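# A structural walkthrough
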Amino acid sequence: MEEENRVSIVRSIGRSLSRAAGSLGIEDVFSISGAGSRHTRSSRHSVEDEEALRWAALEKLSTYNRLRTTIFKPNYIQQEMPTDKMLLDVSELDPNARQQFIDSIFKVAEDDNGRFLRKFRDRVDKVGISLPSVEVRFQNLTIEADCYIGDRALPSLPNAARNIFESFLDFIGLSLSKKTKLTILKDVSGIIKPSRMTLMLGPPSSGKTTLLLALSDKLDPSLKVEGEITYNGHKLNEFVPRKTSAYISQNDVHVGEMTVKETLDFSARCQGVGSRLEMLMELARREKEAGILPEAEVDLFMKATAIEGDASNLITYYTLRILGLDVCRDTFVGDAMRRGISGGQKKRVTTGEMLVGPAKTLFMDEISTGLDSSSTFQIVKCLQQVVHLTESTIMISLLQPAPETFELFDDIILLSEGQIIYQGPRENAIEFFESCGFVCPERKGVADFLQEVTSRKDQEQYWADRNIPYRYIPVSEFVQRFKSFHVGQKLNNELAVPYDKNQSHKAALVFKKYLVSKMDLLKASWDKEWLLLKRNAFVYVFKSVQFLLLAVLGMTLFFRTKLHRRNEDDGSLYNGALLLSLLINMFNGLAEISLTVARVPVVFKQRDLLFHPTWVYTLPTFLLRLPITLLESTCWMGILYYGVGLAPEASRFFKHFLLVILIQNVGGSLFRLIAGLCRTMNIANTGGTLSLLLIFLLGGFILPKAQIPNWWEWATWVFPLLYGFRSFSINEFLAPRWMNKKSSNNVTSLGIAMLKSMDVPTNKGWYWIGAGSLLGFIILYNILFTFALMYLDAPGKPQAIISKEAHAGIEAQQDTNQQQRVPKIPEKYNPATWMLEVSSAAAEIRLDIDFAEHYKSSSLYQQNKALVLELSTPPSGAVDLHFETQYSQSSWGQFKTCIWKMWLSYWRNPDYNLLRNFFALAAALMIGTIFWKIGKKRESSSTVTAIIGAMYGSVFFVGMNNCQTVQPVISTERTVFYRERAAGMYSSFPYAMAQVLVEIPYVFFQATYYTLIVYAMVSFEWKADKFFWFFYIVFLTFLYFTYYGMMTVSITPNEQVAAVFAASFYTIFNLFSGFYIPRPRIPKWWVWYYWISPLGWTVYGFMVSQYHDVETKIRVLGMTNEMPMNSYIEHHYGFRPDYMGVVAAVLVGFCLLFASVYAISLRILNFQMR
């Protein structure tokens, strides 16, 4: 009954409201500005009565509903609702309604924001609620770092190698490194007060970033810190400073595929609403007791920004407006290759990410980078209003603020050489330096003066009394003088009295690591990852299409009409098909490395900001890949299984299907783990390929487990490929069609003989052991991936050492046509800033003028138009400007400049060159120790298979690593190339030739030590011709793989697509290497591809160069008679001993082909979407 009465009252009020609105006009009934009504007093009283009835209806709701409901005013929300609806659930606001509300309340951000926040503060003050505030103190803070100086600090190859060696010695307790102790901050003390906005000034390398990081508890752990930092008297270990405060970095790290609004929405969902809801509950209780009715728009805003769990919050729209980002809210943030927002807008997104959160203590580092001074002024003014009216604590570091921006701050901290020279009210800063004998000139900006007066180079010009000889006053003397200055004395007196913890508001500090429930965080992360999956659909579709093409290729390569089950030799072909299924599905996850590495910096940033625990990212990442895995596995089985003619029983089909799904997930999980551990593309590619090499060599299919040396036997059990290979083999060869036939000895069944020849258990229970182990590896790898992201440092984490702040320049325009309504330029005002301000969109709204249209109707516009027309018409007899050549230098000069640049770039890129050399060294040692002295063995065909597997596997993985590690280097260089070519610095061909040639000495060095190690440890025959042929093949193989990697980048839009594209051809190179299926057994419709497969020629050259003259007789599987080793190699594999000259020429040809395609693609293709 009560509910029916309430509904009746609401409808009655709604009808009355409609009549009132119809007679008075909506915009006048619900005037936000508070201006006097043009209508009669009785009409105004009628509206007030109607509104009072609305609030009465609202008060009858339950507490939960009342906190989510406000009165409905259609003048600022045009959302479709029933005509009798007067109460609005704020959670039901659609995006358009939210934007309309912001548009109506915040027309001119810097003006309306202050008025709105004043209304908010008045509402809070009316009922006596005190807002939480934070006072940050730091006393005797000293921060030191150990670092290299001079040439020793350069990131060159020798220095990088020396650093690694010294780090290893430090780890075992032998310290040989000679680092210099650098004091970044030296015994600094101060107070950052609430309700006062603090500006930190200082030249580059003064320690500003370090101080901000220290106050926000984000310092690098390697720094030595002394002193104390407190928030409201609480030490940093007594609460969660990273949730209480927010550090806004100079570095803009975002997901390029997300829009500006999506980025801020996700940030808001992760950070939650803090104590907004609790304050709103207390506010509503007190207003109800006092009979106070709040203003509707303030009530709606407070309630809409206090709701948790929504995909989008009104706070996002508010932040977009005050930061001037609403014009690009639906634009991608963008990255190096994707068109996105500008650098200045990206900086504002970084700021907005933290403003949407509940933290009221903000430490902001160089937020003006990339912004014009007018935009900086607008943002800082809005922040000033937030500080003054909500009792927030904000400290901002700026390098060269404009005078009008400088005037917005209350307090100044001047930092130089790691010491605080002045901290106190802005008004007293000039007074302090005047007491030291320096004066700020009349037309000089105060901020510039403060930073220059401490500089040895600039200080003298500000010396006040020219009758007294000038003496340079160092920073240390300024520090001492400030202590005796009245502002410094007051500061010391305040620091001497400890902050009373009992005065701290209960909501001022945060004591929980996460303010949002884990389930809500998981939902937010799931939505984000699903969005990014759709945004990266091209990559996944591209990968899946390639995967299906490989399935078709594999099916036609091992086509069932060409396969038989007569003996062990036929069985080896089926074994090749099983290996194909195992390896392609494992390799299919290789693209996860580049996709994950691209996301890692953002994940680390959000982890450090305590947005969410890392498992909230890793769990959706894994689960969202499962449907893709299932789809690809289904297509793989549909194409390959019966196309090849594997065991026909349904149970064996589904067992094989299960293994394919498990192997795909093992591969994806493993490569994500590698990306999480390595964190950069070069290191991840190296680590990933090294892991693959080890897994591959110890998988049991190249070298049977019984032949693996004792020192490697343990490793066979800790890698997944062995379990997958055994399960695939058991599932196939224990089928009736293999068990019902006898092997060549007429005793053992053919299936058992095949399993024993591969050292695979013959117990069918081993299938489930293998499948269970693969499932265990999936779980293990994902857990380790989570731990890696949880505990490792971010890649290239910026050290707060000698940080350099740069301030973006400003382009200004000049308009001489000044209207009387435009205010005159204030004294000491920057003319460029003034022009931007008086012609801004906000100024146009205030003045009701369109400056562009006004200019077009002016005489100045006509004069300029006539002048342009005059100047665009060449005078009679004039000769067009002409250059003999397109470029300032000849092609040879361009080449010399490019090769010089490339050489320095490579020499100072240890991440690339040191890593690939480390990989080649590790691979050589692995090959040598696993295949120890196998080159001397002359026993059976299995030995030949193992030798071929060792040779092809070793050079393939080293070559693949060269290919993968060069891709990010070329991708980065290509971005620079696009810019420099567009500037007319050089043409594409000299650049490409320099890039191609600079690789040769590095690859030559790599091939040299690789050959020496492998040749000696595997024990090939020590003959000069055989050794040099071996070196020749290794060198050209490494080189063509490197050029292949360069080529893949040049023909694809980015390194992620290049990685996917290259990975598919790795598999094709594998298939036609001659290892899985010998050339004579390849169907005739595919044998042509064998001849164009580079790896096939590499294996051809290895075997012919080493064994063309070996006539030792060996046992051949499936044959009763022995045959000479070189004859077996020629007849079984098709390797002719007289083909070495052809092999040598073809390998050179592949190098030239890939290098040429790279050069041509650079010339004709341009993937820069900017």
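Cut-off values and rules
Residues numbered from 1 in each chain as written. Predicted model: local features only at pLDDT ≥ 70, side-chain atom pairs only at ≥ 80, totals over all residues. Heavy atoms only, no water. Helix = DSSP H or I, 4+ residues; strand = E, 2+ residues; numbered from the N terminus. Buried < 20%, exposed > 50% of the residue type's maximum accessible area, 1.4 Å probe, protein only. Contact = heavy atoms within 4.5 Å. Areas by Shrake-Rupley, 256 points an atom, 1.4 Å probe, with all protein chains shown as cover. Lys, Arg positive; Asp, Glu negative; His and termini not counted. Charge placed at Lys NZ, Arg CZ, Asp CG, Glu CD. Axes fitted to C-alpha atoms, helices over the stretch in contact; angles between N-to-C directions. Left-handed = near helix turned anticlockwise from the far one by under 90°. Nonpolar A, V, L, I, M, F, W, Y, C, P; charged D, E, K, R; others polar. Core = buried A, V, L, I, M, F, W, Y, C linked by side-chain atoms within 4.5 Å. Phe/Tyr/Trp six-rings, centres within 6.5 Å; stacked < 30°, edge-to-face > 60°. Lys NZ or Arg CZ within 6 Å of the ring centre and 35° of its normal. Pairing = 2+ DSSP bridges. Parallel < 35°, antiparallel > 145°, perpendicular 65-115°, else oblique.

In this section: the overall build of the protein chain. Looking only at helices and strands, the protein chain has 46 helices and 14 strands in total. For the protein chain, the spread of C-alpha atoms along the principal axes amounts to about 115 × 90 × 80 Å. Sorting the 1170 residues of the protein chain into buried and exposed places 57% on the buried side. Nonlocal contacts in the protein chain, meaning residues at least 24 apart in sequence, comprise 79% of its contacts between residues at least 6 apart. Accessible surface computed for the protein chain: about 49,900 Å², of which carbon and sulfur atoms make up 57%. Considering the protein chain, the positive charge centre built from 120 side chains and the negative charge centre built from 110 side chains are found 7 Å apart.

In this section: the environment of Asp 252. Relative to the helices and strands, Asp 252 resides in the loop between strand S8 (245–248) and helix H10 (260–271). Taking relative accessible area as the criterion, Asp 252 reaches 28% and is therefore assigned partly exposed. Along the primary structure Asp 252 and Ala 268 are separated by 16 residues, whereas in three dimensions their C-alpha atoms are 17 Å apart. Residues contacting Asp 252, with those up to four places away along its chain left out, are Gly 343, Lys 346, Lys 347 and Thr 350.

It is at 7 Å that the axes of helix H39 (residues 941–982) and helix H41 (residues 1024–1050) come closest, and there the two elements cross at 35 degrees. In terms of crossing hand, the pair formed by H39 and H41 is right-handed. For the contact of H39 with H41, the residue count by class is 15 nonpolar, nine polar and one charged.

Here we come to the environment of Ile 129. One can find Ile 129 in the loop between helix H6 (109–126) and strand S3 (136–147). In sequence terms Ile 129 and Leu 579 are 450 residues apart; their C-alpha atoms lie 72 Å from each other. When neighbours within four sequence positions are excluded, Ile 129 is seen to be in contact with Val 124, Met 279, Glu 282, Leu 283 and Arg 286.

Grouped together as the largest cluster of nonpolar side chains are 197 residues, with contacts concentrated most on Phe 1072 and Phe 1135. Top element by residues in this core is H39. It accounts for 18 residues. If near-sequence neighbours (up to four positions away) are discounted, Phe 1072 is found in contact with Leu 553, Leu 557, Ile 1082, Trp 1086, Tyr 1089, Tyr 1090, Ser 1093 and Gly 1096.

Looking now at the packing of aromatic side chains. Enumeration according to the criterion identifies 86 aromatic pairs in this entry. Against the face of Tyr 472 rests Arg 456, its NZ or CZ located 4.1 Å from the ring centre. A cation over an aromatic ring shows up here: Lys 655 above the ring of Tyr 767, its NZ or CZ 5.3 Å from the ring centre.

The antiparallel open sheet is built from four strands, whose spatial order is S4-S3-S6-S7. This sheet does not close on itself; its edge strands, each paired only once, are strand S4 (180–192) and strand S7 (234–235). As paired strands, strand S6 (residues 224–231) and S7 are joined by two bridges and run antiparallel to one another. Bridging from a neighbouring strand, Tyr 231 pairs with His 234 of S7. Helix H20 (residues 486–496) rests against S3 and S4 of the sheet, and its axis sits at about 85 degrees to S4.

Below, the discussion takes up the packing of helix H26 (residues 650–678) against helix H27 (residues 681–697). Two elements in contact, H26 and H27, have axes separated by 8 Å at closest approach and are oriented at 135 degrees. Taken together, H26 and H27 sit at an angle that is classed as oblique. Seen from above, H26 lies across H27 with right-handed handedness. Contacts from Leu 670, Phe 671, Ile 674, Ala 675 and Cys 678 in H26 reach Ile 683, Ala 684, Gly 687, Gly 688, Ser 691, Leu 692 and Ile 695 in H27.

Moving on, we get to the sheet that holds strand S11 (residues 411–416). What the six strands build is an open sheet, ordered S8-S9-S10-S5-S11-S12; its pairing is mixed. Among the strands making up the open sheet, the edge pair consists of S8 and strand S12 (419–425). Strand-to-strand, the axes of this sheet are offset by a mean angle of 15 degrees, without reference to chain direction. By the bridge criterion, four bridges tie S8 to strand S9 (residues 361–365) in an arrangement that is parallel. The residue bridging Ile 248 from the neighbouring strand is Met 364, located in S9. This element, helix H8 (residues 208–215), spans strand S5 (197–201), S8, S9, strand S10 (393–397) and S11 of the sheet and lies at about 155 degrees to S9.

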